[in-house]
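Architecture and fold: a report
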2 protein chains.
Amino acid sequence: MRPTLKQMQYLIAVSETGKFNEAARRMNVSQPSLSTQIADMELELGTTLVERGRHGAILTPMGEDIVRRARLILGAVEELKFVTKNKSDILTDRMRLGVIPSVGPYLLPRATKTLHQKYPDFRMSVVEERTLDIDRRLRDGSLDTIISTAEDHPGSESTPLFKEALWICVPPDSSLAGTHDPVKLQDLKGMPLLSLGHGHHLTLAIHDLAKQSGAYVSSEYEGTSLDAIRQMSAMGAGIAILPSLYAFVEASRDTDIVVRRIDHKKAERQISLIWRDTSPLKKSFEQIAEVLKQSANTLINERDW
Amino acid sequence: MRPTLKQMQYLIAVSETGKFNEAARRMNVSQPSLSTQIADMELELGTTLVERGRHGAILTPMGEDIVRRARLILGAVEELKFVTKNKSDILTDRMRLGVIPSVGPYLLPRATKTLHQKYPDFRMSVVEERTLDIDRRLRDGSLDTIISTAEDHPGSESTPLFKEALWICVPPDSSLAGTHDPVKLQDLKGMPLLSLGHGHHLTLAIHDLAKQSGAYVSSEYEGTSLDAIRQMSAMGAGIAILPSLYAFVEASRDTDIVVRRIDHKKAERQISLIWRDTSPLKKSFEQIAEVLKQSANTLINERDW
DNA sequence: CATCATCTATAGTTTTAAACTATCATATAT
DNA sequence: ATATATGATAGTTTAAAACTATAGATGATG
């Protein structure tokens, strides 16, 4: 693209030295090379920029204007180069993180705070969408990384963050509310389970659980919010199935309900940080994962269940 | 200089198409060429800008940042190119004009007004300095053109603007104040002439006049302003020699003095617009000269002497 | 499950751009 | 007049950037 950055540098050198010869020396090229480039620039712009003479080189008013602009342009290029330097390893970028709704609101407030403390220059935008949507957005590149269950995003790389058990949530007058001990699978037989809408990982897990326990999934309500499920359960609409993070943070302080762990190996899910296997940001993701892991642990250990 | 403007364009094309192949097509180059340039850019910046994969190309957050900056830079280059287009002939630049003090304040107020009307985009900065100084500044390039007497700036090109006669200026009680008719050279014999300081064209002209007429140049005062000379003359300090433009505009309305034309062929000077013979702005100068000529004519014809 | 289409990367070659050296023309300064 | 600045020009060499052809890898398709 004409004029070239190099040509602009040459013109500035001519402007500052007032001589083609000295400008060429400063630019570490021969005088003819520099002359040719300046001439080419003038041809390209269709204007005379430099007045040549025995006295050396004097810029025309237009030439001076071009020099001013060239300086700004070259400054912007320098700045462009600068932002990439010293920033290859450490986490200083702006990153787009996707998260499923059953994790985001409970893990991220604390985790983002820690991230800010540890990496002050790091900025992150968070998108909360159901499993199906963040999978699409991870693949098409509109998200850099996501927090989800790895098995729902095949062909991606991931690192585990924490394991979540599933809990049931019933009103105090329910037949299952008698104790806080873990509930056996067979206790759920024939009971209505409340579920989120289509496209959520949790919905699949709940259907799976129903199949194994002999329960059925109520079609009465399909929401996107765990709070809605919990409140429906409190009103006696069925058994809410909640992941432990939510159970710890929210459900445990609601006196209208009783929560119990499900006593089954498969009633738990592994939450991971996931990215495209082609992404060059693996190091950054691992740094983020470290912080997320710690935040999750802290959240879980704060409660001594 | 790396990264190149071309490389930036390529990166933007990749960012907008999401595919190396399509980006290359849009840029009218082959895909490998574009790939190589992007790779070179990444090497230069030391960061991965594009994530390659089966899906095509996805920019990293850093890549997106670079694209934003590249867009601004390319925009500035486009603007640079734009300011030179359509402006090769017509007068739209900013120009630096030098003028001698015995002409500037009397000619330019009117002339600049006309210039602005005729060429609205034209901007001019005016420097008023003595002949010696504007000559130096014309030569070293800090002025583009000057209004002066051509013979004081050898080796330059010029176009005549107007001819100025020299006038004398004496107090009403002077022996020379009896009439408004032109004064003969020999009438000045033995009289003290008031002069500007060293380095002014007028000073040389006055010394020349003294030599030819048998007058002498008073050493009482050496100023830079014609007004000062006039006022000293009004106080009886000697005969002020004034160029006609000043005589018309200022001295003719001062009732404390009488002005008379000098009746001698050599008692006049040719004021010209002058520029370096190497300057590429000849056309512009001629446009300016046309306006200056008209302004001077108007000024002179307004008075019906 | 093989085939095809679609990505980008790599290798080797050709073309174009930009550099070099040497020399010229011109004007200023000594 | 001679030496020493200036930038321009000619011809050559080097380096950058383009091309063609092909490989490798993955996802979609019959």
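What follows deals with the overall build of chain A. Looking only at helices and strands, chain A features ten helices and eleven strands. The globule rule puts the C-alpha radius of gyration for 305 residues at 19 Å, and the 31 Å found for chain A is more than 25% above it. Across its three principal axes, chain A shows a C-alpha extent of roughly 105 × 35 × 30 Å. The proportion of buried residues among the 305 residues of chain A is 41%. Taking the contacts inside chain A whose residues are at least 6 apart along the sequence as the reference set, 73% of them involve residues at least 24 apart.

This part takes up the packing of helix H1 (residues 5–17) of chain B against helix H4 (residues 61–84) of chain B. Residues and elements named next belong to chain B. The interhelical angle for the contact between H1 and H4, taken along N-to-C directions, is 125°, at an axis separation of 9 Å. When the axis of H1 is compared with that of H4, the two are oblique. Where H1 crosses over H4, the two elements pack in a sense that is left-handed. For the pair H1 and H4, contact is made by Leu-5, Met-8, Gln-9, Leu-11, Ile-12 and Ser-15 and by Ile-66, Val-67, Ala-70, Arg-71, Ile-73, Leu-74 and Val-77, respectively.

Close to DNA strand D lie 20 residues, the nearest being Phe-20, Asn-21, Pro-32 and Ser-35 of chain A together with Ser-30 of chain B. Residue assignment for the surface near DNA strand D shows that the elements contributing at least two residues are helix H2 (20–26), helix H3 (31–45) and strand S2 (56–59) of chain A together with helix H3 (31–45) of chain B. Residue composition of the surface near DNA strand D, grouped by class: five nonpolar, nine polar and six charged.

Attention shifts here to the interface of chain A and chain B. On the side of chain B, 41 residues touch chain A, which itself brings 41 residues to the contact. Listing elements by their share of the side of chain A that touches chain B, those giving two or more residues are helix H1 (5–17), strand S1 (50–53), helix H4 (61–84) and strand S3 (94–99) of chain A. When residues in the side of chain A that touches chain B are grouped by element, the largest group, 13 residues, is from H4 of chain A. Across the side of chain A that touches chain B, the residue classes break down as 16 nonpolar, 13 polar and twelve charged.

Our focus in this paragraph is helix H7 (residues 201–213) of chain A. For an α-helix, the turn length of 3.6 residues means that residues three or four places apart are oriented alike. Residue and element names in this part refer to chain A. Over its 13 residues, H7 extends 18 Å from the first C-alpha to the last, a length consistent with the 18 Å expected when each residue adds 1.5 Å. Inspection of H7 places His-201, Leu-202, Ala-205, Ile-206, Leu-209, Ala-210 and Ser-213 among the buried residues, and these make up the whole buried set. A positive phi of about 85° marks Gly-214, the residue just after H7.

Each copy superposes on the other: chain A lies on chain B with an RMSD of 0.1 Å after a rotation of 180° and an axial shift of 0.0 Å. Taken together, the rotation angle and the small translation identify this as a two-fold axis. Rotation axis and chain A: the residue whose C-alpha lies nearest the axis is Ile-73 of chain A, separated from it by 3.0 Å. A high fraction, 100%, of the interface residues of chain A reappear at the interface in chain B, so the copies pair face to face through one surface.

All names here are of chain A. Relative to S2, S1 runs antiparallel, the two sharing four bridges. Note that in S2 the partner of Glu-51 across the bridge is Ile-58. If you look at the hairpin formed by S1 and S2, you'll find two residues sitting between the two strands.

Our next topic: the protein's contact with DNA strand C. Close contacts around DNA strand C come from 18 residues, with Ser-30 of chain A together with Phe-20, Asn-21, Pro-32 and Ser-35 of chain B the closest. Taken together, the elements giving at least two residues each to the surface near DNA strand C come down to H3 of chain A together with helix H2 (20–26), H3 and strand S2 (56–59) of chain B. Along the lines of polarity and charge, the residues of the surface near DNA strand C split into five nonpolar, nine polar and four charged.

Even without being a glycine, Asn-28 of chain A presents a positive backbone phi close to 60°. Mapped onto the secondary structure, Asn-28 of chain A falls in the loop between H2 and H3.

Residues and elements named next belong to chain B. Its place among the elements puts Glu-64 in helix H4. The exposure class assigned to Glu-64 is partly exposed, which follows from the 16 C-beta atoms found within 10 Å. Remark: the alpha-carbon pair of Glu-64 and Val-50, spanning 14 residues in sequence, is separated by 9.0 Å.

Our next topic: the confidence of the model for chain A. In the predicted model, chain A carries a mean pLDDT of 81, and the fraction of residues at 70 or more is 92%. Strand S8 (residues 216–223) of chain A is the least confidently modelled element of chain A, averaging 72 in pLDDT, while strand S5 (residues 145–149) of chain A averages 90, the highest of any element.

Structurally, chain A comprises domain 1 (5–84), domain 2 (94–161 + 269–302) and domain 3 (164–268). Relative placement of domain 1 of chain A and domain 2 of chain A: their C-alpha centres are 49 Å apart.

The next thing to look at is helix H8 (residues 226–234) of chain A. Residue and element names in this part refer to chain A. Among all positions of H8, only Leu-226, Ile-229, Arg-230 and Ser-233 are buried. Around the axis of H8, the buried residues are gathered within 100° of arc, so they sit on the same side. Downstream of H8 by one or two residues, Gly-236 has phi in the positive range, about 85°.

Okay, the environment of Ile-66 of chain A next. Note that Ile-66 of chain A resides in helix H4. A tally of 27 C-beta atoms within 10 Å means that Ile-66 of chain A is categorised as buried. Aside from chain neighbours lying at most four places away, what touches Ile-66 of chain A is Leu-11 and Leu-49 of chain A together with Leu-80 of chain B.

Bringing the packing of H4 of chain A against H4 of chain B into the picture now. Where H4 of chain A contacts H4 of chain B, the two axes come as close as 10 Å, and the packing angle between them is 175°. Taken together, H4 of chain A and H4 of chain B sit at an angle that is classed as roughly antiparallel. Mapping the contact onto sequence places Met-62, Asp-65, Ile-66, Arg-69, Leu-72, Ile-73, Ala-76, Val-77, Leu-80, Val-83 and Thr-84 of chain A in H4 of chain A and Met-62, Asp-65, Ile-66, Arg-69, Leu-72, Ile-73, Ala-76, Val-77, Leu-80, Val-83 and Thr-84 of chain B in H4 of chain B.

Moving on: the environment of Gly-63 of chain A. All names here are of chain A. Inspection of the secondary structure puts Gly-63 in helix H4. Here Gly-63 falls in the buried class, since 26 other C-beta atoms lie within 10 Å of it. For the pair Gly-63 and Val-50, spaced 13 residues apart in sequence, the C-alpha separation works out to 6.3 Å. With residues up to four places along the chain from it excluded, the contact list for Gly-63 reads Leu-49 and Val-50.

Two faces, one strand: in a regular strand the side chains alternate between the faces of the sheet. Summarising the sheet, S3 of chain A and strand S4 (residues 123–128) of chain A pair through six bridges and their orientation is parallel. By the bridge assignment for S4 of chain A, Met-95 of chain A is matched with Met-124 of chain A.

Criteria and cut-off values
Residues numbered from 1 in each chain as written. Chains lettered and ligands numbered in written order. Predicted model: local features only at pLDDT ≥ 70, side-chain atom pairs only at ≥ 80, totals over all residues. Helix = DSSP H or I, 4+ residues; strand = E, 2+ residues; numbered from the N terminus. Rg over C-alpha atoms; globule rule 2.2 N^0.38 Å. Buried ≥ 20, exposed ≤ 12 C-beta atoms within 10 Å, placed from the backbone. Contact = placed C-beta atoms within 7 Å. Axes fitted to C-alpha atoms, helices over the stretch in contact; angles between N-to-C directions. Parallel < 35°, antiparallel > 145°, perpendicular 65-115°, else oblique. Left-handed = near helix turned anticlockwise from the far one by under 90°. Near = placed C-beta within 6 Å. Nonpolar A, V, L, I, M, F, W, Y, C, P; charged D, E, K, R; others polar. Expected span 1.5 Å × (residues − 1). Least-squares fit on C-alpha atoms with pLDDT ≥ 70 in both. Pairing = 2+ DSSP bridges. pLDDT = per-residue confidence, 0-100. Domains from an automatic or database assignment. Arc of directions from axis to C-beta.

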